[in-house]
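# Architecture and fold: a report
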Amino acid sequence: MRLEIVTESSSQNANVVVECLRSWNPQAIAEVIEFRDETTIVLPRELLRAAAEHCRANAKLQFNLLTDATCVDRYPVEPRFELNYHLVSIPRRDKVRLQVCVSGQDPVVDSLVSVWPGANWLEREIFDLFGVRFNGHPDLRRILLPEDWEGYPLRKDFPVEGFRDVPSTSDLFKKSSML
Amino acid sequence: MTTVDTVTGTAKTMVLNMGPQHPSTHGVLRILLELDGETVVKAVPDIGYLHTGIEKSCEDKTYSQAITLTDRIDYLNPLGNNLVYCLAVEKLLGLEVPKRAQYIRVLTVELQRISSHLVWLGTHAIDLGAMSVFLYCFREREEILKIFEMFAGQRMMTSYIRIGGVALEPPAGWRPAVRKFLNMMPSRVDEYEELLTKNPIWVRRTKDIGYISPEDAIAWSMTGPTLRAAGLAYDNRKVFPYSSYEEFNFDVPTRTESDCYARYLVRVAEIRESLKIIHQAMEKIADEGPITAEAPGIIPPQREKMKTEMEALIYHFKIFTEGFSPQPGEAFVAVESPRGELGCFVASDGSPKPLRVHFRSPSFINLQALPKLIEGQLIADVIACIGTIDIVLGEVDR
């Protein structure tokens, strides 16, 4: 057996981020999750943009690169949407994940385009595939799907085959043999 | 679809639709260009023509089945996609991969990087009018694909890297084949450089074209050769090493000019660095040793064991009927693909199928800064700028 569970001790770096955010605003951190050497900081929805700006601008943190933003749909659990922002600090060689949970009734969060312009397409992708809206986004349009597409395909209540009636192979065969 | 009225058309300017079927867009990319004479005033990229819903499909497959889908994201870097997905699932499982398998992974991924850079160099040169480079690049790429065929039985969609290790033992005769390639390649890279580096047409088509400042490049989340040509030595293999990259000696080539020419020089230098890594990997790969981790219930048992041990047969049956279930949690892993930081985010809910698989594809994110590169430039330079960020549309749209 070489199954080795990575120790879930909080690293020194994680403490820096948590302490910095706590000293900036005591309400900033709802929860800190340590899993497989990754630090996830769960933020209240209202504080997302301010906390992200703090992570970028604070001289002790310097998270200058927003590497990824994505969403997880935990349907039917509420709040169902879990937005994950992966930040990298190039000067400090550190990574952190910011997480915000939003409910299915009101899937709106603040856009981070004003903090990192690179968030633009990432947020459009989440809007396109999950239907989460971003307040203050300069250009919130569908990006991968056609503009007249109905529904949000990466939601768990959207079937893998889609909603549209797809003709079966035998139907197609009948149609082609009639020609 | 983006309609024409999203670009503000005035009497002075003209809106030109470039793509989706344009040979120099490297696939199906559509760009709406607002032109004032020959100068680009505004550019709006329109993507999604190749969207295949790979992330959704992954959610309907078991962890091992999804590997074949990852090949098809970036068809110039299938092994890199396999690697990042497997690393993410291994992180979720807390699985440690044997050193020998890690070195084999490094070897194949670096060969893949060279082949991807060769396709980039060939197509970029053909876009700018240098036909012969394309033929030379594809000649050498063919040799790499032959090596992949030896290793995996497949030239492009290899699915060679698997969860916990690699699919097959390296084939007999792999060392001479790789050595032959390593002996041949340096002089061939010199050949490309002789054709291009001091070629006045090439220099005038690429120098001072498509400039982006390092601050902007970071703000727009650009990574890979584009960021390194802007002077930042950010390379995941060095900064956050994975798969034992910390044991290899190589440099991260950087430039400061941040134009198309600098990106060309960075990529050519990366080919040479990859050759160095392959040399070292060849020495490190032992002739014998495990190629997969030992984790019953996750890694399929060997054929021989299944014939003699009941447990092995049971595990085999369980893995291929229901799969394995990592404990609930999330993992994000980033590797350095030829195009930049390739990330994979996997979330598990404790079932045998992933709750969510997301790929942070460098092409997608680098492409959004394209307007920044081309606005204010001439329309002929749009071609150079699309080529220089090295996009693969399969990866942009996923």
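Let us look at the confidence of the model for chain A. Residue and element names in this part refer to chain A. Considering every residue of chain A, the mean pLDDT works out to 82; 89% of them sit at 70 or more. Here helix 4 (residues 169–178) is the element of chain A with the lowest mean pLDDT, 74, and helix 3 (residues 119–130) is the one with the highest, 92. Here residues 1–10 is modelled with pLDDT under 50, and outside its nearest four sequence neighbours on either side it reaches 18 contacts, counting other chains as well.

Quick look at the sheet that holds strand 3 (residues 65–73) of chain A now. Residues and elements named next belong to chain A. Spatially, 1-2-5-4-3 is the arrangement adopted by the 5 strands of the open sheet, whose pairing is mixed. Whereas interior strands pair on both sides, the edge strands pair on one side only; in this sheet they are strand 1 (31–35) and strand 3. Averaged over all neighbouring strand pairs, the angle between strand axes comes to 25 degrees, with direction disregarded. Judged from the 8 bridges that link them, strand 3 and strand 4 (residues 81–89) form a sheet pairing that is antiparallel. Its bridge partner being in strand 4, Leu66 is matched across the sheet by Leu87. Sheet strands touched by helix 2 (residues 48–57): strand 2 (38–43), strand 4 and strand 5 (94–102). Its angle to strand 5, the strand with the most contacts, is close to 175 degrees.

Counting residues at the interface gives 34 residues for chain A, matched by 40 residues for chain B. Of all the secondary-structure elements, those providing two or more residues to the side of chain A that touches chain B are strand 3, strand 4 and helix 3 of chain A. For the side of chain A that touches chain B, the element with the most residues is strand 3 of chain A, which contributes 6 residues. Across the side of chain A that touches chain B, the residue classes tally to 19 nonpolar, 7 polar and 8 charged.

This part takes up the environment of Pro20 of chain B. All names here are of chain B. Along the chain, Pro20 turns up in the loop between strand 1 (14–18) and strand 2 (30–36). According to the C-beta neighbour criterion, Pro20 is partly exposed, with 18 such atoms within 10 Å. Taking the C-alpha atoms as reference points, Pro20 and Tyr49, 29 residues apart in sequence, are found 8.0 Å from one another. When near neighbours in sequence (up to four residues on either side) are disregarded, Pro20 contacts Val28, Leu29, Arg30 and Tyr49.

This paragraph deals with the environment of Asn25 of chain A. Residues and elements named next belong to chain A. The topology assignment puts Asn25 in the loop between helix 1 (12–24) and strand 1. Asn25 sits in the partly exposed class, given 14 other C-beta atoms within 10 Å. A C-alpha to C-alpha distance of 9.4 Å links Asn25 and Leu47, two positions 22 residues apart in sequence.

Here the focus is the pairing of strand 2 of chain B. Residue and element names in this part refer to chain B. Across 5 bridges, the pairing between strand 1 and strand 2 is antiparallel. Counterpart to Val15 in the pairing with strand 2 is Glu34. Pairing of strand 2 with strand 3 (residues 39–46) involves 7 bridges; the strand directions are antiparallel. Bridging from a neighbouring strand, Glu34 pairs with Lys42 of strand 3. Joining the antiparallel neighbours strand 2 and strand 3 is a turn of 2 residues, in which Gly37 adopts a positive phi near 65 degrees.

Moving on, we get to unusual backbone geometry. Along the chain, Tyr75 of chain A connects to Pro76 of chain A via a cis peptide bond; the corresponding omega equals 5 degrees. Among the secondary structure elements, Pro76 of chain A is positioned in the loop between strand 3 and strand 4. Along the chain, Glu78 of chain A connects to Pro79 of chain A via a cis peptide bond; the corresponding omega equals -5 degrees. For Pro79 of chain A, the position within the fold is in the loop between strand 3 and strand 4. One non-glycine residue, Arg93 of chain A, lies in positive phi territory at about 55 degrees. You can call Arg93 of chain A exposed: it has 12 C-beta atoms within 10 Å. Phi at Arg398 of chain B is positive, roughly 50 degrees, even though this residue is not glycine. Within the secondary structure, Arg398 of chain B sits in the segment after helix 17 (393–397).

A few words now on the pairing of strand 2 of chain A. All names here are of chain A. Extensive coverage of strand 2 is indicated by the burial of 5 of its 6 residues. In terms of strand pairing, strand 1 meets strand 2 through 5 bridges, oriented antiparallel. Bridged to Glu31 within strand 2 is Val42. Taking the residues between adjacent antiparallel strands as the criterion, strand 1 and strand 2 are bridged by 2 residues, where Arg36 takes a positive phi near 50 degrees.

Cut-off values and rules
Residues numbered from 1 in each chain as written. Chains lettered and ligands numbered in written order. Predicted model: local features only at pLDDT ≥ 70, side-chain atom pairs only at ≥ 80, totals over all residues. pLDDT = per-residue confidence, 0-100. Helix = DSSP H or I, 4+ residues; strand = E, 2+ residues; numbered from the N terminus. Contact = placed C-beta atoms within 7 Å. Pairing = 2+ DSSP bridges. Axes fitted to C-alpha atoms, helices over the stretch in contact; angles between N-to-C directions. Nonpolar A, V, L, I, M, F, W, Y, C, P; charged D, E, K, R; others polar. Buried ≥ 20, exposed ≤ 12 C-beta atoms within 10 Å, placed from the backbone.

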